[in-house]
Amino acid sequence: WKGADVLDIGCGTGFHLPMFAQSARSVIGVEPHPPLIAAARARVEGLPGVRIAEAGAENLPVEDASVDLVHARTAYFFGPGCGRGIAEAMRVLRPGGRLVVVDLDATSHPYGEWMRADLPQYDPVAVERFFDAQGFDLTRIDTRWEFADRDALASVLGIEFSPRTASRALAETLGTALHVRYRVHIRTKPYGLVLK
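None of these values were measured; they are calculated from a predicted model.

Conventions and cut-offs
Residues numbered from 1 in each chain as written. Predicted model: local features only at pLDDT ≥ 70, side-chain atom pairs only at ≥ 80, totals over all residues. Heavy atoms only, no water. Helix = DSSP H or I, 4+ residues; strand = E, 2+ residues; numbered from the N terminus. Rg over C-alpha atoms; globule rule 2.2 N^0.38 Å. Buried < 20%, exposed > 50% of the residue type's maximum accessible area, 1.4 Å probe, protein only. Contact = heavy atoms within 4.5 Å. Areas by Shrake-Rupley, 256 points an atom, 1.4 Å probe, with all protein chains shown as cover. Lys, Arg positive; Asp, Glu negative; His and termini not counted. Charge placed at Lys NZ, Arg CZ, Asp CG, Glu CD. Salt bridge = Lys/Arg side-chain N within 4 Å of Asp/Glu carboxyl O. Axes fitted to C-alpha atoms, helices over the stretch in contact; angles between N-to-C directions. Left-handed = near helix turned anticlockwise from the far one by under 90°. Nonpolar A, V, L, I, M, F, W, Y, C, P; charged D, E, K, R; others polar. Core = buried A, V, L, I, M, F, W, Y, C linked by side-chain atoms within 4.5 Å. Phe/Tyr/Trp six-rings, centres within 6.5 Å; stacked < 30°, edge-to-face > 60°. Lys NZ or Arg CZ within 6 Å of the ring centre and 35° of its normal. Polar contact = N/O pair within 3.5 Å; in protein donor to acceptor, adjacent residues only side chain to side chain. Pairing = 2+ DSSP bridges. Right-handed = clockwise from strand over helix to strand, strands pointing away.

Peer 1: Just checking my understanding: could you explain the overall build of the chain for this structure?
Peer 2: A count of helices and strands for the chain gives seven helices and seven strands. Reading the secondary structure of the chain in the N-to-C direction produces β-α-β-α-β-β-α-β-α-α-β-α-α-β. Taking 196 residues into account, the globule formula puts the C-alpha radius of gyration at 16 Å, and the chain, at 18 Å, falls close to it. C-alpha extents for the chain along the principal axes are approximately 50 × 45 × 25 Å. Counting every position in the chain, which comprises 196 residues, the buried fraction comes to 42%. Expressed as a percentage of contacts within the chain between residues at least 6 apart in sequence, the contacts between residues at least 24 apart total 69%. If you sum the accessible surface of the chain, you get close to 10,600 Å²; carbon and sulfur atoms cover 54% of it. Averaging the locations of the 22 positively and 24 negatively charged side chains of the chain gives two centres separated by 4 Å.

In structure tokens, the structure reads:
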């Protein structure tokens with residue numbers, strides 16, 4: 001994103017916006033929930049070239065072909081039934097720009113098992129088929145979450161999961177670290193006609 005115009009969909013409290021602002025030309029955070037918008041605005045106050053807009057993924061408040069990167073990280077609104085949001089992201093991208101959707105991989109062990117326990121209706125295979133049908137490339141990224149102690153681990157698990165699943169996850173985790181896999185779906189906007 002160095003020198004690029006970046007749009008972060010579902011920016012929440014704006015956690016990633018300062019990181020983008022370090023080298024991007026401009027950054028727009030889009031968030032539909034007013035309390036999160038207020039937190040995001042406070043986080044980026046004083047950062048040049050960064051603005052926050054209240055909107056959802058299906059109605060982005062930017063011009064056609066005006067950004068180079070659309071980023072959505074664990075925003076949970078892309079997947080089956082969310083084609084309009086993807087179409088809107090493609091509208092605002094310049095040719096050659098990329099839509100990057102980063103989400104937790106619910107097929108991995110152990111995090112994915114705990115995620116599916118809390119979301120039994122969530123079908124990670126259907127989600128991946130959806131992205132594939134929409135022309136996205138998929139990369140899986142393995143990470144290791146490390147915590148200072150078991151209390152910190154328990155606190156984060158309590159944010160991530162229901163109380164029952166968080167208790168299970170803590171019991172099943174030895175030590176103060178756990179494996180978490182992400183899915184990174186990337187779709188590039190073509191420069192011209194695409195013939196199939």
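Peer 1: So what exactly am I meant to see when it comes to the pattern of salt bridges here?
Peer 2: Pairing between side chains of opposite charge can happen when the charged atoms of each approach one another. Under the defined criterion, the tally for this structure stands at 13 salt bridges. A salt bridge links Glu-113 to Arg-168; the shortest N-O distance between them is 3.8 Å. With Glu-113 in helix α4 (residues 111–118) and Arg-168 in helix α7 (residues 163–172), the pair connects residues that are 55 residues apart, well separated along the chain. Assessed through its relative accessible area of 32%, Arg-168 is described here as partly exposed. Between Arg-168 and Glu-172 there is a salt bridge, and its shortest N-O distance comes to 2.9 Å.

Peer 1: Please clarify how the packing of helix α6 (residues 150–160) against α7 should be interpreted in this entry.
Peer 2: For any two helices packed against each other, the geometry is given by the interaxial angle and the distance between the axes. For the pair α6 and α7, the least separation of the axes is 9 Å and the interaxial angle reads 145 degrees. Crossing of α6 over α7 shows right-handed handedness. Side by side, α6 and α7 meet where Arg-150, Leu-153, Ala-154, Leu-157 and Gly-158 of the first sit next to Ala-166, Ala-169 and Leu-170 of the second. A breakdown of the residues in the contact of α6 with α7 according to their chemical character gives six nonpolar, one polar and one charged.

Peer 1: Could you clarify how one ought to interpret the nonpolar core in this entry?
Peer 2: Counting residues in hydrophobic clusters, the biggest one holds 32 residues, and the most contacted among them are Val-27, Tyr-111, Trp-145, Leu-157, Phe-161, Leu-178 and Val-180. No other element matches strand β7 (residues 177–188), which puts four residues into this core. Among residues more than four places away in sequence, those in contact with Leu-178 are Tyr-111, Trp-114, Thr-143, Arg-144, Trp-145, Phe-147, Leu-153, Leu-157 and Thr-173. With 22 residues, the next largest nonpolar core counts Ala-57, Val-70, Met-90 and Val-92 among its residues.

Peer 1: In this structure, what is going on with the packing of aromatic side chains? I would like to understand it.
Peer 2: Two aromatic rings, taken as a pair, are described by how far apart their centres are and by the angle between their planes. All told, the structure shown has six aromatic pairs when counted by the stated rule. For the pair Trp-114 and Phe-161, a centre-to-centre distance of 6.0 Å together with 80 degrees between the ring planes defines the contact as edge-to-face. Of the two residues, Trp-114 is situated in helix α4 and Phe-161 in the loop between α6 and α7; the sequence distance between them amounts to 47 residues. No difference in accessibility class separates Trp-114 from Phe-161, as the two residues are buried. Through pairs of rings, three or more aromatic residues link up here, namely Tyr-111, Trp-114, Trp-145 and Phe-161. Here the basic side chain of Arg-73 rests over the ring of Tyr-182, its NZ or CZ set 5.1 Å away from the ring centre.

Peer 1: Would you explain the side chain of Lys-189 in this entry?
Peer 2: Mapped onto the secondary structure, Lys-189 falls in the segment after β7. Buried within the structure, Lys-189 lacks any salt-bridge partner; its nearest side chain of opposite charge belongs to Asp-64, at an N-O separation of 7.4 Å. In terms of polar contacts, Lys-189 uses its side chain to reach the backbone carbonyl oxygen of Met-90, at 2.9 Å. Sequence-distant contacts of Lys-189, that is, excluding residues within four places in its chain, are made with Met-90, Arg-91, Leu-93, Arg-94, Pro-95, Gly-96 and Gly-97.

Peer 1: It is not clear to me how the pairing of strand β2 (residues 26–31) should be interpreted in this structure. Could you clarify?
Peer 2: Remember that side chains alternate between the two faces of the sheet whenever the strand is regular. When you tally the buried positions in β2, you get five out of six residues, the bulk of the element. Taken together, the five bridges between strand β1 (residues 5–9) and β2 define a ladder with parallel strand orientation. Bridging across to β2, Ile-9 finds its partner in Val-30. Here five bridges tie β2 to strand β3 (residues 50–54), and the two strands are oriented parallel to one another. Considered in β3, the bridge of Val-27 is made with Val-50. You can see the chain leave β2, run along helix α2 (residues 34–44) and come back into β3, and the turn it takes is right-handed.

Spatial relationships are all this shows, so hold off on functional conclusions.
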